[in-house]
Amino acid sequence: MTEAIGNSFFGVITDEEYQRQRAVYEPFTDAVRKLIDAGIRTGVDATKLAEAQAEIEAIIDKLRAVEKPVPSIVRLADTGRPLSYANPTVGLRNAIAPPMVVNHEGGPDYRAWAEFDLGLPYEGPPGLVHGGICALVLDQLLGETASAGLTKPHFTGTITVRYLRGTPLGRVRAEAWVDRTDGVKTYARGTLSDAEGVTVEADGIFIRPQWARE
């Protein structure tokens with residue numbers, strides 16, 4: 001089943017079906033994620049590298065033998081919450097996503113948080129997370145917070161990111177909360193932290209799209 005939202009189409013599925021898909025795709029996506037990491041770290045010789053490349057290309061051909069017209073975003077029928085398969089921070093089928101599992105806390109000052117690993121594929125300066133990745137993570141979390149867990153869609157209008165110090169590769173925590181709301185605009189703030197404290201701060205203005213204002 002699909003439904004039109006604005007200029008896009010969402011697949012509508014039950015939570016039971018989504019959990020079934022998670023059981024199927026999460027371990028597969030994680031295996032591809034490990035392949036990316038292994039490709040960066042490998043020190044095998046050229047012969048073994050060529051053999052691995054041939055095997056990977058054979059797997060690509062196997063996977064592309066059937067390409068289903070699956071919507072990149074699905075909406076849960078019971079809650080209306082949209083879930084993106086392709087999102088580069090939380091996408092179920094996107095191996096470049098860390099992934100972030102976002103926890104939501106409702107109320108007037110809506111909050112969200114996630115704890116996850118940013119490893120070698122996200123490196124910028126040696127041993128540190130690329131600044132663009134930090135901004136990407138915070139944009140996602142602030143957007144989810146402004147959108148009340150994506151049930152009240154808001155899109156990024158502006159976002160300001162302040163880098164207090166480098167974010168070491170490894171375990172991080174991202175947090176975001178609603179600062180205030182003014183009509184169709186929601187102001188959100190957030191931080192990215194390591195074990196020693198905050199490394200990045202962000203604040204943004206998120207705007208409810210025209211199609212969601214009714």
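Residues numbered from 1 in each chain as written. Predicted model: local features only at pLDDT ≥ 70, side-chain atom pairs only at ≥ 80, totals over all residues. Heavy atoms only, no water.

Caption draft 1: Structural context of helix α3 (residues 131-146). Relative to the 22 Å expected for 16 residues at 1.5 Å per residue, α3 spans 22 Å between its end C-alpha atoms, a close match to the ideal helical length. Along α3, the residues that are buried comprise I133, C134, V137, L138, Q140, L141, L142, G143, E144, T145 and A146. Its buried side turned inward, α3 meets β5 (103-105), β6 (111-118), β7 (155-163), β8 (170-182), β9 (185-194) and β10 (197-207). A positive phi of about 50° marks A148, the residue just after α3. (Helix = DSSP H or I, 4+ residues; strand = E, 2+ residues; numbered from the N terminus. Expected span 1.5 Å × (residues − 1). Buried < 20%, exposed > 50% of the residue type's maximum accessible area, 1.4 Å probe, protein only. Contact = heavy atoms within 4.5 Å.)

Caption draft 2: Spotlight on the sheet that holds β5. Within the open sheet, the six strands sit side by side as β5-β6-β8-β9-β10-β7. Their pairing is antiparallel. On the outer flanks of this sheet lie β5 and β7, each paired with one strand and no other. Between one strand axis and the next, the sheet turns by 20° as a mean value, whatever way the strands run. As paired strands, β8 and β9 are joined by nine bridges and run antiparallel to one another. In the strand pairing of β9, R173 is matched with S193. Its contacts with the sheet place α3 against β5, β6, β7, β8, β9 and β10, and it is angled at close to 50° to β10. (Pairing = 2+ DSSP bridges. Axes fitted to C-alpha atoms, helices over the stretch in contact; angles between N-to-C directions.)

Caption draft 3: Quick look at the nonpolar core. Grouped together as the largest cluster of nonpolar side chains are 23 residues, with contacts concentrated most on M100, F116, L118, V137, L141, L142 and L192. Secondary structure elements with two or more residues in this core: β6, α3, β8, β9 and β10. Ranked by residue count, the leading element in this core is α3, at seven residues. Each residue touching F116, except ones within four places of it in the same chain, is listed here: P98, P99, M100, V137, G170, R171, V172 and A174. Within the second largest apolar cluster, seven residues are counted, among which are I13, L76, L83 and Y85. (Core = buried A, V, L, I, M, F, W, Y, C linked by side-chain atoms within 4.5 Å.)

Caption draft 4: Here's a closer look at the pairing of β9. Of all ten residues in β9, eight are buried, a share of seventy percent or more. Joining the antiparallel neighbours β8 and β9 is a turn of two residues, in which G183 adopts a positive phi near 65°. Across ten bridges, the pairing between β9 and β10 is antiparallel. Within the sheet, the bridge partner assigned to L192 lies in β10 and is V200.

Caption draft 5: A nonpolar patch on the surface, seen in detail. A cluster of nonpolar residues, F28, I59 and L63, forms a patch on the protein surface that exposes about 270 Å² of accessible area. In this structure, I59 sits in helix α2 (residues 46-63). Classification of I59 by relative accessible area gives partly exposed; the value is 44%. (Patch = residues over 30% accessible without salt bridge, like charges linked within 9 Å, V, L, I, M, F, W, Y side chains within 5 Å. Areas by Shrake-Rupley, 256 points an atom, 1.4 Å probe, with all protein chains shown as cover. Salt bridge = Lys/Arg side-chain N within 4 Å of Asp/Glu carboxyl O.)

Caption draft 6: Representation of helix α1 (residues 15-41). Here α1 contains 27 residues, and its C-alpha end-to-end distance of 38 Å stays within 8% of the 39 Å for a straight helix at 1.5 Å per residue. Along α1, the sharpest change in direction is near 30° and occurs at Y25; proline P27 comes one to four residues later. Three or more residues of α1 are buried, namely Y18, Q21, T29 and R33. (Bend = angle between axes of the 7 residues up to and from the residue.)

Caption draft 7: View of the side chain of S193. If you trace the backbone, S193 turns up in strand β9. In this structure S193 comes out as buried when scored by relative accessible area, which is 10%. If we skip the residues at most four places from it in the chain, S193 touches R171, V172, R173, V198 and T199.

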